[in-house]
Structures are given as structure tokens and as C-alpha cells.
Amino acid sequence: MPELPEAEANRRRVAEQCLNRTIEEATLGKDISYIELPGDNELGRLAGRQFTQTHRHGKLIFAGSQTGPWICVHLGMTGKLLPFDADERDAPDYTKFLIRFEGTRRLAYRCPRKLGWVRVVDSPGEEIERIGFGPDALDMSREDFLNVIGGTNGTIKGALMAQHKLAGIGNLWSDEILFQTGVAPDRTASDLSGKTIGDMYADMRRILTRVCEVNADYDDLPRSWLIGSREDGAKCPRCDGTIRKSKVAGRSAHACDRHQT
Ligand SMILES: [Zn+2]
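All values reported here derive from a predicted model rather than from experimental measurement. (Residues numbered from 1 in each chain as written. Predicted model: local features only at pLDDT ≥ 70, side-chain atom pairs only at ≥ 80, totals over all residues. Heavy atoms only, no water.)

### Some details on the state of the cysteines
Logical step 1: With the rule as written, the count across this model stands at 0 disulfides.
Logical step 2: Free of any disulfide, Cys72 has its nearest neighbouring cysteine sulfur in Cys111, separated by 14 Å.
Logical step 3: Residue class for Cys72 comes out buried when judged on its relative accessible area of 0%.
Logical step 4: Note on Cys111: relative accessible area 0%, which makes it buried. (Disulfide = S-S within 2.5 Å. Buried < 20%, exposed > 50% of the residue type's maximum accessible area, 1.4 Å probe, protein only.)

### Observations regarding the coordination of the zinc ion
Logical step 1: For the zinc ion, the full set of protein donor atoms is Cys236 (SG), Cys239 (SG), Cys256 (SG) and His259 (ND1), at a range of 2.1 to 2.3 Å.
Logical step 2: One can describe the site at the zinc ion as tetrahedral: its 4 donor atoms subtend angles covering 100 to 119° at the metal.
Logical step 3: Donor residues for the zinc ion, ordered by position in the chain, follow C-x2-C-x16-C-x2-H. With Cys239 in the loop between helix H7 (194-213) and strand S9 (243-248) and His259 in the segment after strand S10 (251-256), this pair connects stretches of sequence that are 20 residues apart.
Logical step 4: Residue His259 is classed as partly exposed on the basis of its relative accessible area of 24%. (Donors = N, O, S within 2.8 Å, 3.2 Å for Na, K, Ca; no water. Tetrahedral: all angles 85-135°; square planar, octahedral: opposite > 155°, others 65-115°. Helix = DSSP H or I, 4+ residues; strand = E, 2+ residues; numbered from the N terminus.)

### Things to note about unusual backbone geometry
Glycine aside, a negative phi is what most residues show, and trans is what most peptide bonds show.
Logical step 1: In this structure, the amide linkage connecting Gly68 to the following residue, Pro69, adopts the cis form with an omega of -5°.
Logical step 2: Within the fold, Pro69 resides in the loop between strand S3 (60-64) and strand S4 (70-74).
Logical step 3: For Ala216, which is not a glycine, the phi torsion comes out positive at approximately 60°.
Logical step 4: Along the chain, the position of Ala216 falls in the loop between H7 and S9.
Logical step 5: Given a relative accessible area of 16%, Ala216 falls into the buried group.

### Section: the side chain of Arg119
Logical step 1: Among the structural elements, Arg119 can be located in strand S8 (residues 117-121).
Logical step 2: At 2.8 Å, the side chain of Arg119 forms a polar contact with the side chain of Glu36. (Polar contact = N/O pair within 3.5 Å; in protein donor to acceptor, adjacent residues only side chain to side chain.)

### As for the packing of helix H1 (residues 4-17) against H7
Logical step 1: The contact between H1 and H7 brings their axes to 9 Å, and the two run at 35°. Crossing angle aside, the handedness with which H1 passes H7 is right-handed. Residues Leu4, Pro5, Glu8 and Arg12 of H1 form the contact with H7, whose own contacting residues are Leu208, Val211 and Cys212.
Logical step 2: When grouped by side-chain class, the residues that make up the contact of H1 with H7 number 5 nonpolar, no polar and 2 charged. (Axes fitted to C-alpha atoms, helices over the stretch in contact; angles between N-to-C directions. Left-handed = near helix turned anticlockwise from the far one by under 90°. Contact = heavy atoms within 4.5 Å. Nonpolar A, V, L, I, M, F, W, Y, C, P; charged D, E, K, R; others polar.)

### Focus on the sheet that holds strand S5 (residues 80-85)
Logical step 1: The 4 strands are arranged S1-S6-S7-S5 in an open sheet whose pairing can be described as antiparallel. Both edges of this open sheet fall to strand S1 (23-28) and S5, since each of them pairs with a single strand only. For this sheet, the mean inter-axis angle between neighbouring strands, taken without regard to orientation, is 15°.
Logical step 2: As paired strands, strand S6 (residues 95-101) and strand S7 (residues 105-110) are joined by 5 bridges and run antiparallel to one another. Following the sheet pairing, Leu98 is matched in S7 by Ala108.
Logical step 3: Along the sheet, H1 contacts S5 and S7; its crossing angle with S5, the most-contacted strand, is approximately 25°. (Pairing = 2+ DSSP bridges.)

### Overview of the side chain of Asp85
Logical step 1: Its location among the elements puts Asp85 in strand S5.
Logical step 2: Judged by relative accessible area, Asp85 falls into the buried class, the value being 17%.
Logical step 3: Among the polar contacts listed, one links the side chain of Asp85 to the side chain of Arg105, at a separation of 3.0 Å.
Logical step 4: With near-sequence residues (within four places) excluded, Asp85 lies in contact with Thr104 and Arg105.

The structure is reproduced here in C-alpha cells:
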């Protein structure tokens, strides 16, 4: 499921290929059951406008302009924002939402599975507040991280994935952060020392920044990371331990049975 770095890679594609072009029409795809998409009035608001800027908050991607409106996109489990040119190819399969810009440029929201959505909103700030998301994981201060995450009376993995505490981290990158800090995912967050939580904050920033730098292309990440060994029984890429899969905070956690304590 896409998290902060994957959403950032999608935002970049939109920023590079879809800004400052007049929108002629926004339409919905064919099979649009089980997914929240804009109604006719919202679609109509986009016609004649341009996107002049993009924004990302956690896993949410926005494109719009100073005076609005904006599209707000959640990628769900498998969604992607794909710019393309209509004279070079057709819209991808599973396109649920399509923007036709002047000329041949198009922007498709492709989403083969459920849970994703597209909304037309007045401003990113209002929408983020309405949903109740915490600060973006790359914008949160060290002090807030120590208080909010370190003060949680549940598992540390659950705290890292709680979008109302900090936005953008899900199953994959919470596992990677805990692996690199050396903390078992089922530890109670408030039992961890201030030093450990501070180290985790630094690791979180370093990991998310690195994945953003490689546009979430996992083949470009170091072999010493967990991401290439996320399999029950795999050899730990850091120590003599074994990667074990378990259920933590309702999700499948992968962690080393030796160096994560
Ligand atoms: Zn290990």
C-alpha cells in the first residue's frame, strides 16, 4: 500500500507533467463502484481551471491553485496518478478518474482495488484538518515526536502508523524504521527511553528522505535494509537473526528475532 514516499513519487509526476495547462474536462471511468469519486458539480468546478501547484501531506496528494479548487487524491491500496499523452497511448486500465488538459496531455487516476478516493476540495489545509490527520511525518519536530509517539500507551508500531498522530507511515515503512532502530514492533511506545525514541526520529527522517530520493524504487535501496528481506524465515541482512512475521496492531509485522528488542 502506498505510503509517504510512494505518494511523493506520484506528486512529482503531476508537478512535472500537469501544471499550468488548462483543464478542458474531468470525467469518471467505467467501473467506479466501491470508490469515492467527485460528483458532477465537483467535476464541473475543474473545467477551465489550471493546476499551478501541488502539495503532499502524509499519503494524500493535492493539485490545485492559490484560489482553488484542488483535487485531493488518496491512492488506497494500489492507486497511481499517471500523466500521459493521448496521441501516444490510451488511458490505462482501471482508470477511475481522468483529467483532459488542453492539447494531448491527460492525467489518469488508476486504481484496480478499493480504498482509494478522489475529492475536489477548496484547500489542502481545510481538508487535512477535516480528516484529522496529524503533521506530515517529514514535517514533525523532534520534540513533538518524542511527546506524541513516545507518549503512546500502545505498541510502537501502532503509534507510528496512527495517521492522526503523524501522517504518512504505514505497514512497510514502520517495519523498516523499527528494524533500523532495533526495536521490536510490539514494544509499548511509552516504555521506550527518550534516547531510543530520538534515534527512531532520526532513522525515520533518514529512511523516508532516502526512499523519496530514489522515487520509491526499492531496487535502489541498500541491501542492509529490511525491505529486500520481508519474508518469514529470511536471514536478517544485519545480524545472525531470522526475520519473523507476526501480527502487531492488526497488521503483518516483519522483524528480526535477534537485534530488534
Ligand atoms: Zn537482525
